[in-house]
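Examination of the molecular architecture
Here is how the chains run, residue by residue.
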Amino acid sequence: MRSSCILPAAEKTRSTPPDENGNVSPAIIYCAKKCGIKYILKAGGAQAVAAMAYGTKSCPKVDKVVGPGNQFVTCAKMLISCDGDAVCSIDMPAGPSEQMCLFDNSSNLTFVVADLLSQAEHSEDAQVVGVYVNDTTEGTPMREMIEGFSKELEKQVNALPRADIVKATLSKSIVVVADSVDEALEYVNGYATEHLVVQTRDTERIVEGTINAGSIFCGPYAPESVGDYASGTNHSLPTYGFARQYG
């Protein structure tokens, strides 16, 4: 057991991998200063999490580690949060990117595919899921929509500069078909995705029925990339099903 002691007040520390010359971006330094951060640790990954959680000769110990990362960063954060020697909390498990996009035969397939690919290009360990809601016999037939989706996907992937990363992500990504809105909602809440994009005719019903999701983007003109870069919403979101606890 840990012996009783008084720990010194933790300092605000920002970790960031340096560039190839060992330098930190001036933009990061400026933002750190605005946020009152006293130290910048030139490191990333699980090793940066460990350094901040336990402290080293050159890195002050912190009380809480926040921010997203890859699967190794997420694992490291969860380990320190359960270690009494670290006495360190975390914000949430926020690992490789995820996105789920619901669409139907009223959807613009160019928008649907672009939304999915905006997450697929993040890293090879990301995952995107398309959910086609086949809840009407009117309009464009399902087979025609799925074929159109496949053609649009191939067209956009080949035009991306990060096509190799996207193809690796797509190799473990899927498109599923739901026969009703209720069935789609059951899948949505079971998966508990980080980013949920709703591009269906019944957007309000989907949103009302969604219990587990990190963030929700409603309609064709609310792309998920806006949430990442422009709208001001939180970008550190739960992944791997943890939206059930941290949505």
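About the cut-offs
Residues numbered from 1 in each chain as written. Predicted model: local features only at pLDDT ≥ 70, side-chain atom pairs only at ≥ 80, totals over all residues. Heavy atoms only, no water. Helix = DSSP H or I, 4+ residues; strand = E, 2+ residues; numbered from the N terminus. Buried < 20%, exposed > 50% of the residue type's maximum accessible area, 1.4 Å probe, protein only. Contact = heavy atoms within 4.5 Å. Lys, Arg positive; Asp, Glu negative; His and termini not counted. Charge placed at Lys NZ, Arg CZ, Asp CG, Glu CD. Salt bridge = Lys/Arg side-chain N within 4 Å of Asp/Glu carboxyl O. Phe/Tyr/Trp six-rings, centres within 6.5 Å; stacked < 30°, edge-to-face > 60°. Core = buried A, V, L, I, M, F, W, Y, C linked by side-chain atoms within 4.5 Å. pLDDT = per-residue confidence, 0-100. Arc of directions from axis to C-beta. Expected span 1.5 Å × (residues − 1). Pairing = 2+ DSSP bridges. Axes fitted to C-alpha atoms, helices over the stretch in contact; angles between N-to-C directions.

**Some points on the overall build of the protein**
For the protein, the count of helices and strands is ten helices and nine strands. Projected onto the principal axes, the alpha-carbon positions of the protein cover approximately 70 × 40 × 30 Å. Residues classed as buried in the protein amount to 40% of the 247 residues present. The contacts in the protein between residues at least 6 apart in sequence include a share of 70% that link residues at least 24 apart. Across the protein, the 20 positively charged side chains and the 30 negatively charged ones have centroids separated by 12 Å.

**Re the pattern of salt bridges**
When the charged atoms of two side chains with opposite charge come close together, those side chains can pair. All told, the structure shown has five salt bridges when counted by the stated rule. The partner of Lys77 in a salt bridge is Asp91, with the nearest N and O atoms 2.7 Å apart. Taken together, the positions of Lys77 in helix α3 (residues 71–81) and Asp91 in the loop between β4 (89–90) and β5 (98–103) put the pair 14 residues apart, joining distant regions of the chain. Its relative accessible area of 1% is what places Lys77 among the buried residues. Of the charged contacts, one joins Asp135 and Arg201 as a salt bridge, the two residues approaching to 3.9 Å between their closest N and O atoms. Here Asp135 is found in the loop between β6 (127–133) and α5 (142–158), whereas its partner Arg201 is found in the loop between β8 (195–199) and α8 (203–209), with 66 residues between them in sequence.

**Description of the packing of aromatic side chains**
Within this structure, the stated rule accounts for five aromatic pairs. Pairing Phe103 with Tyr132 gives two aromatic rings, centres 5.3 Å apart and planes at 65°, and the pair type is edge-to-face. Note that Phe103 is positioned in strand β5 and Tyr132 in strand β6, a separation of 29 residues in sequence. The burial state of Phe103 is the same as that of Tyr132; both residues are buried. Ring geometry for Phe103 and Phe149: centres 5.4 Å apart, planes at 10°, overall stacked. Of the two residues, Phe103 sits in strand β5 while Phe149 sits in helix α5, which places them 46 residues apart along the sequence. Overall, Phe103 belongs to the buried group, its relative accessible area being 0%. Put simply, the rings of Phe103, Tyr132 and Phe149 pair up and form one aromatic cluster.

**Quick notes on the nonpolar core**
Ranked by internal contacts, the top residues of the largest apolar core, which has 16 residues, are Phe103, Val112, Leu116, Leu117 and Phe149. Among the elements of the structure, β5, α4 (109–120), β6 and α5 are those that each provide at least two residues to this core. With sequence-adjacent residues up to four places away left out, Phe103 is seen in contact with Leu109, Val112, Gly130, Val131, Tyr132, Val133, Phe149, Gln199 and Thr200.

**Quick look at the environment of Asn134**
Note on placement: Asn134 falls in the loop between β6 and α5. When near neighbours in sequence (up to four residues on either side) are disregarded, Asn134 contacts Met142, Val177, Ala178 and Asp179.

**Considerations on the confidence of the model for the protein**
The share of residues in the protein with pLDDT of 70 or more is 95%, and the mean pLDDT across the chain is 89. Here residues 1–7 scores under 50 on pLDDT; set against residues more than four positions off or in separate chains, the count is five contacts.

**Description of helix α7 (residues 181–191)**
By the burial criterion, the buried members of α7 are Val181, Ala184, Leu185, Val188, Asn189 and Tyr191. Mapping the buried residues of α7 onto a view down its axis gives an arc of 165°, with all of them on the same face. Each element contacted by the buried residues of α7 is listed here: β5, β6, β7 (174–178), β8, α8 and α10 (243–246). Downstream of α7 by one or two residues, Ala192 has phi in the positive range, about 55°.

**Observations concerning α5**
Over its 17 residues, α5 extends 25 Å from the first C-alpha to the last, a length consistent with the 24 Å expected when each residue adds 1.5 Å. All of the buried residues along α5 are Met145, Phe149, Glu152, Gln156 and Val157. Angularly, the buried residues of α5 cover 125° about the axis, an arc narrow enough to put them on a single face. α5 presents Arg143, Lys151, Glu154, Lys155 and Asn158 as exposed residues on the side facing more than 90 degrees away from its buried surface.

**A short note on the sheet that holds β7**
What the five strands build is an open sheet, ordered β7-β6-β5-β8-β9; its pairing is parallel. Here the strands that pair on one side only, and so sit at the sheet edges, are β7 and β9 (215–218). Strand after strand, the sheet turns through a mean of 20° between neighbouring axes, direction not considered. Pairing geometry for β5 and β8, over five bridges, is parallel. Directly across from Met100, in β8, lies its bridge partner Leu196. Set on the sheet, α5 makes contact with β5, β6 and β7; between it and β6 the angle comes to about 155°.

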